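Now for the letters of each chain:
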Amino acid sequence: MILDAVRRSSVHSDHSPFKNAPKTLISTDLNILHLDLKVGHASTDISTLESKSIANLLTDRLDQSLTHLKKLQARVADTASKVLVTGDLNSGKSTFVNALLKRDILPADQQPCTSIFCEVLDALLNDGLEQVHAIPNIEQYNRLDPSTYHIIEMRHLYKLITEDFENYKMLKVYTNDCRTTQESLLHNGVVDIALIDSPGLNTDSVKTTAVFARQEEIDVVVFVVSAENHFTLSGKEFLWNAANEKTHIFIVVNRFDSIRDKDRCKRLILDQIRQLSPATYADAEDLVHFVSAGSVDLDPQSRKVDAPDFARLEQKLRAFVLENRTKSKLMPAKNYISNLLSDITTLCQLNQEKSANQHAQATMELEKDLPAYQQLLTVRERVLRQVEKVAETTVSSIQMHVSSKLNTAVEHVGDAIHTIEYPGILLIWQYAQDIADSMVQKMLKDVRQEEEHARRDTAVCLERVHTMASEHMGSHPITANVEKMCVKNKDRCVNIAVEVTDFFDLVLDEKLSNCAFSFGAVTLVGSRMLGFKDAVSSIWNVSNMMGVQNMRRWVVPVVGIAGVGFLVYVVGDMRNAVERKLVKKFKLAVRESNYIHGQSQRIGRESRKILRLEGWEVQNRFQKAIEQKEQKRSETELLAAESKERADFFASILANSGLLLEKVEMISAGAIKEIA
């Protein structure tokens, strides 16, 4: 159940129980999951790291806890016990192990010599053979498979430990103990014991880390401290780390006989132990021993009795390892589980509270932001409608103005020819061309004036549109440029061709009507004055008097004179005729080509294009503002959903871890003894 609880706590990074944990808590108030990064002996401030980095570190720490729980489970189920003898460099660890074995097995010197883990076991576990197995790979080691280790002779053990250790990870030393089961720790007749001599803690960082990691596989830690040096920083760090699991640590204060003020030494060391391991200090009578392992006689044939302090140490260590297994084997498991569940509970409480606060804050932000979001949508629709309306009104006004002005210009297009000097009948054709060009240029000038007027009106409308948008979207530049209106020279001109017929105005409808009117008036007046019959009679009398022959002679001259007169009249009227004909022709061309309507539509399109460009910019700015608002709301909604999910998740883990912690705390020492 405990393994499942921890596994659920680290199964998914998004639901990690430490993802949002306060950095000060992670660095100070946790036990098993406590993070204390060090470079050498200098600590790194956790608060300077990113949250993701801290989450990754704590995920690794949880994975380590899972692995350690499995090891704890295996250790509790294992009837054998492993005793790790560790301590600072040159504190006498190997000497102490030899003293426990009453044999000179492990090399000991005034200088540091143990550079590799040496595990001492009863030779009965190796079919009674005393051997040293040098193991290159601990995971592959199999006592029954000689290919997984090298057998080293006992006489070469010193050289291997001090010089040739780099090729091996561990040594297993199988040795005989001829003492009785009541005296021997290895050959005790109850459980299998392994004494593990480790390198000094402050040898180097790699070996120190290896010792820290190895203690997780150990049932009992025997910490050897020099009476001369007391607890160094490395020793304190090891004991603090071990306290997460092992409440009781067997402490050997070695070389005590070299101390002159023994009472002061005891007092100082016990004060340090009280700070490092309160449970060990409480049982100091059984767990803390002041001895001199170097004074123990290692001759198997010797009958010399050990010093009382060392004899008492052996008795207490035997009782701690073999008899009081609740402290040496089962209590560490309970202590580790309690600390781990407490850490998980603490982290879940904080994260559950923080997730709930995040959910409440995100929900409040969504509710608070909703009116502004809805208002933005309403404003966008209103402003875009206003922009469209203003733009269309401006375009319609421009088109109406163009139509009105150009109609007036066409009606008075004949005024353009008054400034042209008549060159005479011989250059009448060039005169006609100049008249046509003059009317075209006059109309082109009027069109350009209307284009300029349209630019001014469009600029005014642009400024108005920009002002409407700026009221809601803030200050921004006008993107449209009215100078780009009507820049292409096309569809502006009305071209007419000068033809020969343009020089003769043969349309006599008006003239004939005038003559007929005059003739009718004369006839009416004459008939009244002379009488119709008298007039006709007079004409007939004249013709009779002249005779037919005379009349025939007068016809040809009269007709000739009339023809010459008509020709003179046509030539004399040619200037006026060409002016009248070309003006009419130009106006007709304007009407037939629907020129005025086309120009008003073209200029209106140009204006609409510019205004629409600015309208699109306004629409895009509103759209971007809405998209940003929607993205922010979407992120807030996602945060609200995720924080709600995290809060529920942490609440579930918190409930489970709390129940497990209560069950673990309910297990008393007496119950553990019964289990053992």
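Coordinates for the structure precede this section.
A quick note: this is a predicted structure, and the numbers were derived from the prediction, not measured. (Residues numbered from 1 in each chain as written. Predicted model: local features only at pLDDT ≥ 70, side-chain atom pairs only at ≥ 80, totals over all residues. Heavy atoms only, no water.)

> Can you lay out the overall build of the chain for me, pointing to particular residues and giving the numbers?
For the chain, the helix and strand inventory stands at 18 helices and 11 strands. The buried share of the chain, taken over its 676 residues, is 43%. The contacts of the chain with a sequence gap of at least 6 include a subset with a gap of at least 24, amounting to 80%. Accessible area of the chain: about 37200 Å², with a carbon and sulfur share of 55%. (Helix = DSSP H or I, 4+ residues; strand = E, 2+ residues; numbered from the N terminus. Buried < 20%, exposed > 50% of the residue type's maximum accessible area, 1.4 Å probe, protein only. Contact = heavy atoms within 4.5 Å. Areas by Shrake-Rupley, 256 points an atom, 1.4 Å probe, with all protein chains shown as cover.)

> Would you mind going over the side chain of Ser 91 in detail, with residue names and values included?
Of note, Ser 91 is situated in the loop between β3 (81–87) and α4 (93–101). With relative accessibility at 2%, the residue Ser 91 sits in the buried group. At a separation of 2.9 Å, a polar atom in the side chain of Ser 91 contacts the main-chain carbonyl oxygen of Asp 88. Once you skip the residues sitting within four places of it in the chain, Ser 91 turns out to touch Val 224, Ser 226, Asn 254 and Arg 255. (Polar contact = N/O pair within 3.5 Å; in protein donor to acceptor, adjacent residues only side chain to side chain.)

> Could you give me a rundown of the packing of aromatic side chains, with the residues and numbers involved?
Both the distance between ring centres and the angle between the ring planes are used here to describe each pair of aromatic rings. According to the stated counting rule, one finds nine aromatic pairs in the structure shown. Here the aromatic rings of Trp 429 and Phe 503 are separated by 5.3 Å at their centres, their planes lie at 25°, and the arrangement is stacked. Here the residue Trp 429 occupies a position in helix α13 (residues 428–473), and Phe 503 occupies one in the loop between α13 and α14 (509–529), the gap between them amounting to 74 residues. Using a relative accessible area of 6% as the deciding quantity, one classes Phe 503 as buried. Centre to centre, the rings of Phe 649 and Phe 650 are 5.7 Å apart; their planes meet at 70°, and the pair counts as edge-to-face. Of the two residues, Phe 649 and Phe 650, neither departs from the other in class, the shared state being buried. Aromatic ring contacts, followed pair by pair, group Phe 223, Phe 231 and Phe 238 into a single cluster. Its guanidinium or amino end placed over the ring of Phe 256, Lys 262 lies 5.6 Å from that ring's centre, counting from NZ or CZ. Above the plane of the ring of Tyr 281 lies Arg 274, whose end atom (NZ or CZ) is 5.3 Å from the centre. (Phe/Tyr/Trp six-rings, centres within 6.5 Å; stacked < 30°, edge-to-face > 60°. Lys NZ or Arg CZ within 6 Å of the ring centre and 35° of its normal.)

> Any details on the packing of α13 against helix α16 (residues 574–592)? Residues and values, ideally.
Axis separation between α13 and α16 bottoms out at 10 Å; the angle between their running directions is 35°. Handedness of the α13/α16 crossing: right-handed. Across the interface between the two elements, Ile 428, Tyr 431, Ala 432, Ile 435, Ala 436, Met 439, Val 440 and Met 443 of α13 pack against Met 574, Arg 575, Val 578, Glu 579, Leu 582, Val 583 and Phe 586 of α16. (Axes fitted to C-alpha atoms, helices over the stretch in contact; angles between N-to-C directions. Left-handed = near helix turned anticlockwise from the far one by under 90°.)

> Let's hear about the sheet that holds strand β5 (residues 131–135): which residues, and what values?
Spatially, nine strands are ordered β6-β5-β7-β4-β8-β3-β9-β10-β11 in an open sheet, and the strand pairing comes out mixed. Two strands close off the open sheet at either side, each with one partner strand: β6 (150–152) and β11 (288–290). Within the sheet, the average angular offset between the axes of one strand and its neighbour, ignoring direction, is 20°. Pairing of strand β4 (residues 117–122) with strand β8 (residues 193–197) involves four bridges; the strand directions are antiparallel. In the strand pairing of β8, Val 120 is matched with Leu 195. Of the strands in this sheet, β3 and β9 (220–226) are in contact with helix α7 (residues 233–242), which crosses β9 at around 160°. (Pairing = 2+ DSSP bridges.)

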